[in-house]
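What follows is the residue order along each chain.
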Amino acid sequence: MNDQPRPSYTSLAWLERLVSLPEEYLDEVGFYLELLEEHAGLTSGEMLHLGCGAGAHDVTFKQRFRITGVDIAQEMLDIARERNPEATYLLGDMRDLALGRTFDVVAIPDSIDYMATPADLARALATARAHLTPGGVLLITAKVAEEFRDNNFVYTGAKDDVAVTIFENNHVLRDTPDAYEATIVYLIRRGDQLETHVDVQRLGIFSEAKWLALFEQAGFSVQHFPLLGIYEPFILGEGEYPMRVYIARAGEASVG
């Protein structure tokens, strides 16, 4: 994992207000809430959201749960607090967080890729386990190496005289196990003036077997469900972006 927040989440965090609107997450978060109710019997309680970013997911999560969000980028937390003033937001790293309390749900719906090595992923799972009540549930949205493909995406947004176009290229690193590269190009127009930024990130992508082994090591039993169609509207050309939602219950050592 990158130890410091990337420009996408610091100097360019303000773009979240243009291209990452909470209403765009309604269907996605609604699916998570259905899974938590159907497979874990959870319709309310305390949720710890790790890697919460600018709080777009939490606008819907908070309809059911009391939210504590954690992120390594203060600029993203500032936006999250604006969007969700009733939630609690804290600066922290999911690899070594220790809040001294437990939650009914730990959710990582959008940031587990920043665990760039199996060791980092194991630490994040251990953090989640330590913050769950007995029988509590961890929800993770992840990509699996066997299903992952190179893709290109485009996102756009505008407000007042500012318009932004963001291109993202995801590329599997053939010579680097467990890794892919995301290159993000920002085109920001203020009237007729154009500024550009590039942010290159190395992220983790793990096999199904490695995921299951790490869940078992952390003391979880786990089910997984397909998440389809969330990013397809933003893909350039033909392509798919299959993802999985893991529902992992704490307190059992077997994986099934």
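Residues numbered from 1 in each chain as written. Predicted model: local features only at pLDDT ≥ 70, side-chain atom pairs only at ≥ 80, totals over all residues. Heavy atoms only, no water.

## Considerations on the pairing of strand β3 (residues 88-91)
Put simply, the rule is: For two strands to pair, DSSP has to find at least two bridges joining them. By the criteria applied, helices consist of DSSP H or I runs no shorter than four residues and strands consist of E runs no shorter than two, each listed in order from the N terminus. Crossover handedness is defined by viewing with both strands directed away from the observer: a clockwise path from the first strand over the helix to the second marks the crossover as right-handed.
Bridge count for strand β2 (residues 65-71) against β3 is 4 bridges, and the pairing is parallel. Looking at β3, one finds that T68 is bridged to T88. Viewed along the sheet, the connection from β2 through helix α4 (residues 74-83) into β3 turns out right-handed.

## With respect to the sheet that holds β2
Filter applied, for reference: Under this scheme, a helix contributes an axis fitted over its contacting stretch, all axes are lines through C-alpha atoms, and angles between N-to-C directions fall in the 0 to 180 degree range.
An order of β3-β2-β1-β4-β5-β11-β10 is seen for the 7 strands of this open sheet, with the pairing classed as mixed. Edge positions in the open sheet fall to β3 and β10 (220-227), since each of these has one partner strand only. Between one strand axis and the next, the sheet turns by 20° as a mean value, whatever way the strands run. Where strand β4 (residues 103-108) meets strand β5 (residues 132-142), 5 bridges bridge the pair, whose relative direction is parallel. Residue V105 lies in a different strand from β5, and its bridge partner there is V137.

## Focus on helix α6 (residues 208-218)
As a reminder, the rule being used: For every residue, the accessible area (1.4 Å probe, protein chains only) is compared with the maximum for its type, and the residue is labelled buried under 20%, exposed over 50%, or partly exposed between those bounds. Directions drawn from the helix axis to the C-beta atoms are what define this arc. Contact between two residues is taken to exist if any of their heavy atoms lie within 4.5 Å; hydrogens are not considered.
Within α6, the full set of buried residues consists of W211, L214, F215 and A218. Looking straight down α6, one finds its buried side chains confined to an arc of 105°; they lie on one side. Turned more than 90 degrees off the buried face of α6, the exposed positions are A209 and Q217. Buried positions along α6 lie against α5 (118-130), β5, β10 and β11 (243-250). Residue G219 follows α6 closely and has a positive phi angle near 90°.

## A short note on the pairing of β5
With 9 of 11 residues buried, β5 lies mostly within the body of the structure. Between β4 and its parallel partner β5, the chain crosses via α5, and the hand of that crossover is right-handed. Relative to β11, β5 is paired through 6 bridges, and the arrangement is antiparallel. Across the sheet, the residue bridging to I140 is Y246, located in β11.

In short, geometric facts, not functional conclusions.
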